[in-house]
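Below are the chains, spelled out letter by letter.
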Number of protein chains: 2
Amino acid sequence: MQKTEVDILIEQLAKLPALGPRSARRAVLYLLKKKETHMMPLIRALTEVAEKVHPCPLCGNMDTTEPCSICSDPKRDRSQICVVQDVSDLWALERSHAFNGLYHVLGGVLSALDGIGPDELNIHGLIGKVQNKEVKEVIIALPATVDGQTTAHYLAEILEKEDIIISGLSHGVPVGGELDYLDDGTLQTAFKTRRGL
Amino acid sequence: MQKTEVDILIEQLAKLPALGPRSARRAVLYLLKKKETHMMPLIRALTEVAEKVHPCPLCGNMDTTEPCSICSDPKRDRSQICVVQDVSDLWALERSHAFNGLYHVLGGVLSALDGIGPDELNIHGLIGKVQNKEVKEVIIALPATVDGQTTAHYLAEILEKEDIIISGLSHGVPVGGELDYLDDGTLQTAFKTRRGL
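Treat the numbers as computed from the prediction; the structure is a model and nothing was measured.

The rules behind each value
- Residues numbered from 1 in each chain as written.
- Chains lettered and ligands numbered in written order.
- Predicted model: local features only at pLDDT ≥ 70, side-chain atom pairs only at ≥ 80, totals over all residues.
- Heavy atoms only, no water.
- Helix = DSSP H or I, 4+ residues; strand = E, 2+ residues; numbered from the N terminus.
- Rg over C-alpha atoms; globule rule 2.2 N^0.38 Å.
- Buried < 20%, exposed > 50% of the residue type's maximum accessible area, 1.4 Å probe, protein only.
- Core = buried A, V, L, I, M, F, W, Y, C linked by side-chain atoms within 4.5 Å.
- Contact = heavy atoms within 4.5 Å.
- Pairing = 2+ DSSP bridges.
- Axes fitted to C-alpha atoms, helices over the stretch in contact; angles between N-to-C directions.
- Expected span 1.5 Å × (residues − 1).
- Buried area = accessible area lost by both parts, 1.4 Å probe.
- Salt bridge = Lys/Arg side-chain N within 4 Å of Asp/Glu carboxyl O.
- Polar contact = N/O pair within 3.5 Å; in protein donor to acceptor, adjacent residues only side chain to side chain.
- Least-squares fit on C-alpha atoms with pLDDT ≥ 70 in both.

**Student:** Could you clarify how one ought to interpret the overall build of chain A in this entry?
**Tutor:** Of regular secondary structure, chain A possesses seven helices and six strands. Taken from N to C terminus, the helices and strands of chain A fall in the order α-α-α-β-β-β-α-β-α-β-α-β-α. A globule of 197 residues ought to have a C-alpha radius of gyration of about 16 Å, yet chain A, at 21 Å, is considerably larger. Principal-axis analysis of the C-alpha atoms gives chain A an extent of 65 × 45 × 35 Å. A total of 197 residues make up chain A; the buried ones form 39% of that total.

Next comes the structure, spelled out in structure tokens:
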């Protein structure tokens, strides 16, 4: 049987990380019922983003300007660089307003299983930035997984010879988190690094 | 802060039934990374469907032809009409190859809570079809919920005076289903309507 236009659209939507074939089908039916109010605006929004959004040549962020709005913002602190695994982590940190420096998107973490070595990551670009005299601190904000922490140590070793502070995010109990839902490792760390109140 | 193109796209995607803001953000990042291999094909597929797919004026199915490929297929049995709540149910029945007649999409079921009365549903169109001498059976394939069965009884009452068979889907144990996961109502029905082996 020949594939219809609807089948092709379902296939395309089902490739998105959060959707499977069944939810893609529901999404298509929903869009077909709201063609003017939702399907056309969605097509326009996708086209706008596809045309205008590019990776920033300096940090790897996705933005409409080149360099991105963070790299070109004169109010950001150029002495701090925060290394993240992916653009999604950069956006998460931006939403938290925790950091006012610049970013460096690594594009992944070292992983023997997935065959990702140092050459697959944007490590060269990071070293180039750090050798710039302006940079005083590199904050390694990689995931607290085995691969993430291996990568963090690898980066710390490489950057050791530069005259900068190298730091990482602290571990502990998430704000608003219940203790009995937490894993043992986090609880142990939270205990060991307890602070005066 | 002004909304960026990316924010607008995330908002649009988050309105889809299966996605929330977080998964929409992940989907946007995924699309941005695969612009040529996935984002552009998705835009093309959406545009194709938006331009070409319309509701069938006869049955309510969504298709590129008018009337739809089912209504215009000379091999389908025109003496049977299957009444379904929504296009998704029509597609599910088509995938099962259980039925070779024509369909009628009601567009919902009666619901006092949601304020859906007979005038909100395509009941008038169904009566018109049934009064056609060709139709011999109406199969009411509405969901086995209270609202679905109320609607089924309402339709059965209206169609009673026509000279046709009115039938509904049988209830029972789903094929491949474990008994201890089933609800009591289904088990009771499956027992009452047990059949010789």
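That covers the picture; the talk isn't over yet.
**Student:** When you look at the nonpolar core in this model, what are you seeing that I'm missing?
**Tutor:** The tendency in soluble globular proteins is for nonpolar side chains to be buried side by side. In this structure, Leu 9, Leu 13 and Leu 46 of chain A together with Leu 9, Leu 13 and Leu 46 of chain B are the most contacted members of the largest nonpolar core, which totals 76 residues. Those residues in contact with Leu 13 of chain A that sit more than four places away from it in its chain are Leu 19, Ala 24, Ala 27 and Val 28 of chain A together with Leu 42 of chain B. Grouped together as the second largest cluster of nonpolar side chains are 18 residues, Ile 81, Leu 106, Val 135 and Leu 159 of chain B included.

**Student:** Any chance you could explain the sheet that holds strand 3 (residues 77-84) of chain B here in plain terms?
**Tutor:** One key point about sheets: their strands pair by backbone hydrogen bonds, in either a parallel or an antiparallel sense. Residue and element names in this part refer to chain B. Spatially, 4-3-5-6 is the arrangement adopted by the four strands of the open sheet, whose pairing is parallel. This sheet does not close on itself; its edge strands, each paired only once, are strand 4 (101-105) and strand 6 (165-168). Averaged over neighbouring strand pairs, the angle between their axes works out to 25° when direction is ignored. Looking at chain direction, strand 3 and strand 5 (residues 137-140) are connected through four bridges and run parallel. Within strand 5, the residue paired with Cys 82 across the bridge is Ile 139. The strands that helix 4 (residues 87-96) touches are strand 3 and strand 4; relative to strand 4, the one it contacts most, it runs at about 160°. In this fold helix 5 (residues 123-130) packs onto strand 3, strand 4 and strand 5, with an angle of close to 155° to the strand it touches most, strand 4.

**Student:** Just checking my understanding: could you explain helix 3 (residues 35-52) of chain B for this structure?
**Tutor:** Residues spaced three or four apart along an α-helix face the same direction, because each turn holds 3.6 residues. Across its 18 residues, helix 3 of chain B extends 24 Å between first and last C-alpha, which sits within 8% of the 26 Å expected from 1.5 Å per residue. Buried within helix 3 of chain B we find Lys 35, His 38, Met 39, Pro 41, Leu 42, Ile 43, Ala 45, Leu 46, Val 49 and Ala 50 of chain B. Of the surrounding elements, those touching the buried residues of helix 3 of chain B are helix 1 (5-14), helix 2 (21-33), helix 3 (35-52) and strand 1 (54-55) of chain A together with helix 1 (5-14) and helix 2 (21-33) of chain B.

**Student:** Which parts of the structure should I look at to understand the interface of chain A and chain B?
**Tutor:** Interfaces are often sized by the amount of accessible area the parts lose when they come together. Every contact between the two is made by 44 residues of chain A and, on the other side, 44 residues of chain B. Taking both sides of the interface into account, the surface hidden between chain A and chain B amounts to around 4,300 Å²; carbon and sulfur atoms contribute 77%. Of all residues in chain A, Glu 5, Leu 46 and Trp 91 of chain A give up the largest surface area on contact with chain B, accounting jointly for 14% of the area buried on that side. Along the contact surface separating chain A from chain B lie four salt bridges. A salt bridge links Asp 86 of chain B to Lys 33 of chain A, with the nearest nitrogen and oxygen atoms 2.9 Å apart. Scanning the region where chain A abuts chain B turns up eight residue pairs in polar contact (both at pLDDT 80 or more). For the side of chain A that touches chain B, the elements supplying multiple residues, two or more each, are helix 1, helix 2, helix 3 and helix 4 (87-96) of chain A.

**Student:** Please clarify how the relation of the copies chain A and chain B should be interpreted in this entry.
**Tutor:** There are two copies of the chain, and a rotation about an axis plus a shift along that axis relates them. With an RMSD of 0.0 Å, chain A superimposes on chain B once it is rotated by 180° and translated 0.0 Å along the axis. Taken together, the rotation angle and the small translation identify this as a two-fold axis. When C-alpha positions in chain A are compared against the rotation axis, the closest is assigned to Ile 43 of chain A, at 3.1 Å. Interface overlap between copies: 100% of the residues of chain A at the interface are likewise at the interface in chain B, consistent with a symmetric, same-surface contact.

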